[in-house]
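Results of the structural survey
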Amino acid sequence: GDLFGHKKVFLIGTTWFAIWALICGFARNPIFMSVARAIEGAGAGFTIPSALAILTTTYPLGPERTFALSMFGGAAITGQTIGVLLGGVFDATIGWAWIFYLTAIISGLLAVAGYLIIPWQQDFAPVEDRRIDYLGAASFTIGIVAVIYYLTESVTAGWGVAKTLAPFIIGLVILAGFIYLEGKIPYAIMPYHIWKSRRFASTIGIIICVTATYNTMIFYTSLTFQGVLHFNSLITACCYIVHGVGLFIGLYTVTRLFKYMRTKYIMMIGWLFIISSAIVFAQIKEGSTYWQYAFPAFIINCIGLSPTWMCCQVNAVADAEDEDQGVVGAIFNVGIQMGAPIGLAISTIISESFTPAHILGSEEAPAALMKGYSAAFYSFAVMGGVGLIAVIIFASNQDPAEFAPEGGSLKVKDIEVAEASLASTHAAPVAATSTTVANAGDKEEYIEEGKAEFGEAAEVGFSKRQGSVSSSSASSLTVDSRTEKKVESK
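How each quantity is defined
Residues numbered from 1 in each chain as written. Predicted model: local features only at pLDDT ≥ 70, side-chain atom pairs only at ≥ 80, totals over all residues. Heavy atoms only, no water. Helix = DSSP H or I, 4+ residues; strand = E, 2+ residues; numbered from the N terminus. Buried < 20%, exposed > 50% of the residue type's maximum accessible area, 1.4 Å probe, protein only. Contact = heavy atoms within 4.5 Å. Areas by Shrake-Rupley, 256 points an atom, 1.4 Å probe, with all protein chains shown as cover. Expected span 1.5 Å × (residues − 1). Bend = angle between axes of the 7 residues up to and from the residue. Polar contact = N/O pair within 3.5 Å; in protein donor to acceptor, adjacent residues only side chain to side chain. Core = buried A, V, L, I, M, F, W, Y, C linked by side-chain atoms within 4.5 Å. Salt bridge = Lys/Arg side-chain N within 4 Å of Asp/Glu carboxyl O. Axes fitted to C-alpha atoms, helices over the stretch in contact; angles between N-to-C directions. Parallel < 35°, antiparallel > 145°, perpendicular 65-115°, else oblique. Nonpolar A, V, L, I, M, F, W, Y, C, P; charged D, E, K, R; others polar.

Regarding the overall build of the protein
- For the protein, the helix and strand inventory stands at 16 helices and two strands.
- Split into buried and exposed, the 490 residues of the protein put 47% on the buried side.
- In the protein, of all internal contacts separated by at least 6 residues, the share reaching a separation of at least 24 is 79%.
- Summing over all exposed atoms, the protein offers an accessible surface of approximately 23000 Å²; the carbon and sulfur share of this is 68%.

Given below as structure tokens:
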């Protein structure tokens with residue numbers, strides 16, 4: 001996408017995904033299904049990073065981009081929950097194959113809509129070197145697949161057997177070679193400079209923790225509902241409705257927090273809710289009702305998951321240049337996919353160690369299963385604790401320029417962040433002075449003064465942020481004059 005245009009890649013991905021989703025619906029044996037799903041997943045790999053890059057290169061810095069990225073991130077977690085719900089409903093009614101038929105229809109419609117709606121004039125690639133790092137792409141893919149194979153298969157086959165350990169070691173060697181290779185070629189598929197952003201690097205680790213906890217929750221609540229509470233597949237699917245609705249509400253409401261609180265603090269609070277929900281899930285026992293523990297736990301989880309995921313989504317791309325948006329989105333997507341096998345591997349090991357195998361199949365089986373499931377939920381809480389610690393220690397203390405509060409004080413450090421995010425040729429010392437816009441009529445004059453004094457950062461900070469000066473009400477933007485700093489653009 002960065003090399004040839006994100007719209008082209010997005011359309012290829014959605015079309016590819018639609019075709020192979022349809023083929024998956026006709027699968028009648030596990031091998032055919034596994035191969036078709038892998039090929040279908042390549043379509044998603046084309047689509048998700050390109051869609052993210054289209055948003056970041058279409059919307060300018062400001063509330064619009066923040067809202068768009070929040071919707072994109074929120075749609076991901078909402079879609080996963082809806083998928084669980086529809087999967088249960090279709091399996092109990094018209095058949096499991098319809099989950100693939102439906103996604104094929106939706107993806108096909110998205111391909112048509114993308115062709116008609118996404119503007120072609122923005123589908124340009126700013127890079128001049130269009131050589132493709134085939135070796136890097138192949139080595140990274142093989143290495144990651146080998147590691148994920150080890151994490152998923154070792155749970156049942158064993159962690160030290162040749163069947164799983166050999167591919168794991170080979171995968172690590174290949175990934176080490178990939179890292180070495182990327183530092184030696186000028187057209188690397190994963191350029192090192194993207195990792196210089198503390199915000200991006202920390203976000204990848206945090207999103208792995210987020211998806212590890214999320215997938216552990218989905219997997220073990222499903223087992224609990226059916227194996228302990230004795231719900232059928234249809235009732236189990238309906239249990240997730242509250243979670244889907246809660247996440248959908250969070251899509252819109254959580255974006256309001258960005259104006260009042262730093263994303264680091266939002267994520268810290270979010271993790272506390274996620275950890276709390278895991279503890280509540282662990283209290284489920286045989287004979288419990290859905291409303292006693294599962295229902296409030298889902299609500300608590302929604303309150304934490306929505307803001308945490310959205311903050312990761314926005315922060316991941318905040319520091320990337322336009323020509324790097326595709327690869328940044330791709331790496332973020334890899335982080336999302338890596339969290340699931342890591343979380344399930346850890347929770348499964350812990351769950352099985354607490355499940356007495358000798359009474360499985362007896363009348364005491366539900367209680368025995370719940371003992372192991374409770375341990376899995378507590379491991380989910382521990383993974384949440386790791387995510388919280390990662391936010392506290394590694395997350396950036398400074399938000400991107402687009403998070404400057406509307407109608408509030410825009411300090412020199414905010415201008416510094418805005419300047420650093422521009423690929424501008426301006427490089428002049430700046431002195432901060434106190435200036436205030438009293439009404440909308442002064443807006444243009446203030447922007448011109450700001451451009452003369454602060455360079456292009458003023459235009460980004462003021463003219464591109466909708467609502468900073470409202471035509472219907474007076475608002476104030478103040479630049480702090482207590483400190484004088486030299487701010488140089490990139």
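Thoughts on helix H5 (residues 134-157)
- With 24 residues, H5 extends 33 Å from end C-alpha to end C-alpha; this agrees with the ideal 34 Å at 1.5 Å per step.
- Maximum bend of H5: about 25°, positioned at Leu151.
- Within H5, the full set of buried residues consists of Gly136, Ser139, Gly143, Ile144, Ala146, Val147, Tyr150, Leu151, Ser154 and Val155.
- Turning to H5, the residues buried within the fold contact helix H6 (162-182) and helix H12 (325-353).
- Gly158 sits one or two positions beyond H5 and adopts a positive phi of about 115°.

Notes on helix H2 (residues 30-58)
- Between its first and last C-alpha atoms H2 spans 41 Å; for 29 residues at 1.5 Å apiece the expected length is 42 Å, and the two agree.
- Measuring from the backbone nitrogen of Ile31 back to the side-chain oxygen at the start of H2 gives 3.2 Å, which picks out Asn29 as the cap.

Digging into the nonpolar core
- Counting 63 residues, the largest nonpolar core has Ile206, Phe225, Trp271, Phe281, Phe298, Leu305 and Phe377 as the members making the most contacts within it.
- Residue assignment for this core shows that the elements contributing at least two residues are H2, helix H3 (63-92), helix H7 (198-227), helix H9 (241-253), helix H10 (263-281), helix H11 (294-317), H12 and helix H13 (365-394).
- Beyond its immediate sequence surroundings of up to four residues, Trp271 is in contact with Ile206, Cys209, Val210, Thr213, Thr308, Gly384, Gly387, Leu388 and Val391.

Some remarks on the pattern of salt bridges
- Summed over all chains, the structure comprises one salt bridge.
- In this structure, Glu40 engages Arg37 in a salt bridge whose closest nitrogen and oxygen atoms are separated by 2.7 Å. Residue Glu40 and its partner Arg37 are located together in helix H2, separated by three residues, close to a single helical turn.
- The buried category is assigned to Glu40, whose relative accessible area is 1%.
- Judged by relative accessible area, which is 42%, Arg37 ranks as partly exposed.

Concerning the environment of Ala365
- Position of Ala365 relative to the elements: it lies in helix H13.
- With ten residues separating them in the primary sequence, Ala365 and Thr355 have C-alpha atoms 9.4 Å apart.

Observations concerning the packing of H3 against helix H4 (residues 98-117)
- At a closest axis distance of 9 Å, the pairing of H3 and H4 adopts a crossing angle of 130°. In terms of their interaxial angle, H3 and H4 are classed as oblique. The residues of H4 that touch H3, namely those facing Gly83, Leu86, Gly87 and Phe90, are Trp98, Ile99 and Leu102.
- Residue classes in the contact of H3 with H4 are distributed as five nonpolar, two polar and no charged.

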